[in-house]
Structures are given as structure tokens and as C-alpha cells.
Amino acid sequence: MDYPSYLALPKKELKRRIDKLFKILESCELCPRKCHVNRLKGQKGYCHLGYLPMVSAYHPHFGEESVLVGSHGSGTCFMTSCNLSCVYCQNYEISQLRIGKEVSFERLAEMMIELQNLGCHNINFVTPTPQVPAILKSLEIAIEKGLKIPLVYNTSSYDSLEVLKLLDGIFDIYLPDAKYSDDKIAQKYSNAPNYFEIMKSAIKEMHRQVGDLIISNLKSQNSKLKLKSQNFGDIPERVALRGLIVRHLVLPNNLAGSEKIFKFIADEISKNTFLNIMDQYMPYYRAGEFPELNRPITQEEFQEAINLAKKFGLKRIYY
Ligand code: SF4
């Protein structure tokens, strides 16, 4: 049985990676901000986090992509804080006001087991980037307690390549945002220098690790991708098993730069990428300070984004 992937990873190897990640916290370079603070000694960088897990909420979530939700929900852990500062963030209480609670590694492991016991199809870590060491340390405990559902890495894609490489063989499903293709715009609305290049490298690495999305009950596709369906155990529903799901939120006035993003995905990732084009932008939080962001998108803007994705030959568009 080699599914989820973390069950196939030797315990010693998981421990080696955890040690390496905690070492990084001594002069934090967990994400591209490279704050170089010692988080083990209580120093705080851009994300204001320590070394213990900090969680804002956890529950079965039915608002994610249907292949993550299935019938019993995606077991979502909303990790507190974020390494981006999007002025329109719909979760700003969690990401920027940092409303949440620091918990022990054991407690986060228990949350995972509780979600599994509720029948959730996966453990979905929202904004895991600044808390990867704590998540893996808790995972080690959760495995001992019987965790056996796949992990989802639900990220803004402002991730360090070196850290992502340490996650190879641990997360089965990567759920990255592809937010902007223009660095000036990324800087203005999310305070994210070099976002486009960082996002592209991160998504390439995620795809290298897990490939295109494989969904249960698609036996022909599984065999084409040389994955035996029995390796995934008894999964009767149509749920995501392993692979990449890219999210793109369409912004008003084409501020997300959708065309360049779709071209990148089609040319440099795969035309078979499972791409969720999202229309739910609303001017939350500080968006009212920016007139160009201060409205929902129009039907025409959304249709234009869909047409662009199709133009580049992307075949698995979800909306
Ligand atoms: S994880 Fe936090 S402290 Fe570490 S580099 Fe990123 S923002 Fe800075």
C-alpha cells in the first residue's frame, strides 16, 4: 500500500525532513521573504508566527472543488496568518488580523484524526507555507494515531522551492493559486515581490512531484498514467487522489493578468492541468481603497477568461 504517499515514506526520512525544516526556523527562510529571524527563540518575522502550529478553525468544508469535497467534505485546517497581504482577502481575519490559537503538535494531530473520523476525504491545510515544520511534526504524530487520508497543500504559491522539495512524497494533492502575472500588480495588492517567477517555479515543482490530477473512478485515466487504482484502496467516490489543481481568481479590469497565466500553464505545466477559474471575487477588506478593485467582476470578464483558457488548449477547466 503506497497511498497516501506519506505512508510509503520511511519514518527516518520523515524525521530527517522535520529536523531540516526546524533548522530553517533558526534563521527563517521558509518562504521567499527570508526574514532571517529565529522563530525557535520567539523572534517574529513578516508572518508573526512562532514554531508551534497556529490554527484559526478546522472542520469539514463543502465549499471547495467537488473533487475535494466528495460526500463528506474536505477536512480543512485554516492555518493562521499568511505570507501575503492581499488587500481584498476574503479571509483577512485569519490571514492578516491573525485571529487563531497556538496549539501543541499533538493537538493538531488530533484535529486531523477528528476530521478523518468524520469521513473527510483529505486533510486540507489552508495557507500551510509559514507553518510547514509544525504541520509535518504533527503529521508524524497523526500517522502513529492512524491517519490514512491524503494531504492537500492549499497555497498562494508564494513558496520556497527548497522547502517544497522537502515535501516530495508527503502531500498527494497540491492546490496552488496562480494569482498574478504582473509583478507590479502583485506588489501593489499583495505586497509580493517577484510573485510571477516564484509562483511559476513553485507550481512546476508541485507538478513534478504529483503530476496531473487523478480522480477516483476514472480507471482509464489511471491506467494511462500508470497508476494502479488498487493502490489507492477502496475509494468508491469521485474524489481527487493525487495531483495538481490550480486556482485562478479572475480580478476586475484584468488585474490578475489571466492570459499570461493560462499560457504558462498550457506551455510549461500541462494542457491536462485541472484548472479552477474562479468568479467569486468580491471587494472584501481594504479593496474599497482601490477604485479599480472595488466591484465584483462582470459576466463578460469571466467569459473572456474562460475563452482565453480554451484558446491555449487547456482541457480540464472547472468553474
Ligand atoms: S515563514 Fe514567516 S518568518 Fe519565515 S521567511 Fe516567511 S514570512 Fe518570514
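Here we summarise the structure given alongside this text. (Residues numbered from 1 in each chain as written. Predicted model: local features only at pLDDT ≥ 70, side-chain atom pairs only at ≥ 80, totals over all residues. Heavy atoms only, no water.)

### Concerning the site of the ligand
Right, so step 1: Close to the ligand lie C28, L30, C31, K34, C35, R39, G45, Y46, C47 and P130, which account for all nearby residues.
Right, so step 2: Among the cavities detected, the one that contains the ligand is the largest cavity.
Right, so step 3: In the shell around the ligand, the residues fall into 7 nonpolar, 1 polar and 2 charged. (Near = heavy atom within 4 Å. 1 Å grid on protein atoms, 1.4 Å probe; cavity = no way out; pocket = protein on both sides within 12 Å on 5 of 7 lines; lining within 4 Å. Sits in = over half its atoms within 2 Å of the grid points. Nonpolar A, V, L, I, M, F, W, Y, C, P; charged D, E, K, R; others polar.)

### A look at the environment of Y153
Right, so step 1: Within the secondary structure layout, Y153 lies in strand 5 (residues 151–155).
Right, so step 2: Classification of Y153 as buried rests on a relative accessible area of 0%.
Right, so step 3: Taking the C-alpha atoms as reference, Y153 lies 25 Å from I185; in sequence the two are 32 residues apart.
Right, so step 4: Side chain to side chain, Y153 and T129 meet in a polar contact 3.4 Å long. (Helix = DSSP H or I, 4+ residues; strand = E, 2+ residues; numbered from the N terminus. Buried < 20%, exposed > 50% of the residue type's maximum accessible area, 1.4 Å probe, protein only. Polar contact = N/O pair within 3.5 Å; in protein donor to acceptor, adjacent residues only side chain to side chain.)

### Examining the pairing of strand 2 (residues 74–79)
Right, so step 1: Counting buried residues along strand 2, 6 of its 6 residues qualify, which places the element largely inside the surrounding structure.
Right, so step 2: By the alternation rule, side chains of strand 2 split into S74, T76 and F78 and G75, C77 and M79, which are all buried.
Right, so step 3: As judged from the 6 bridges shared by strand 1 (residues 54–61) and strand 2, these two strands associate in the antiparallel manner. For A57, the partnering residue across the bridge sits in strand 2 and is F78.
Right, so step 4: Alignment of strand 2 against strand 4 (residues 123–126), held across 4 bridges, turns out to be parallel. Directly across from F78, in strand 4, lies its bridge partner V126. (Pairing = 2+ DSSP bridges.)

### Quick look at a nonpolar patch on the surface
Right, so step 1: A cluster of nonpolar residues, L97, I99, M282, Y284 and Y285, forms a patch on the protein surface that exposes about 460 Å² of accessible area.
Right, so step 2: Along the chain, L97 turns up in the loop between helix 4 (92–95) and strand 3 (101–102).
Right, so step 3: Residue classification places L97 among the partly exposed positions, given a relative accessible area of 47%. (Patch = residues over 30% accessible without salt bridge, like charges linked within 9 Å, V, L, I, M, F, W, Y side chains within 5 Å. Areas by Shrake-Rupley, 256 points an atom, 1.4 Å probe, with all protein chains shown as cover. Salt bridge = Lys/Arg side-chain N within 4 Å of Asp/Glu carboxyl O.)

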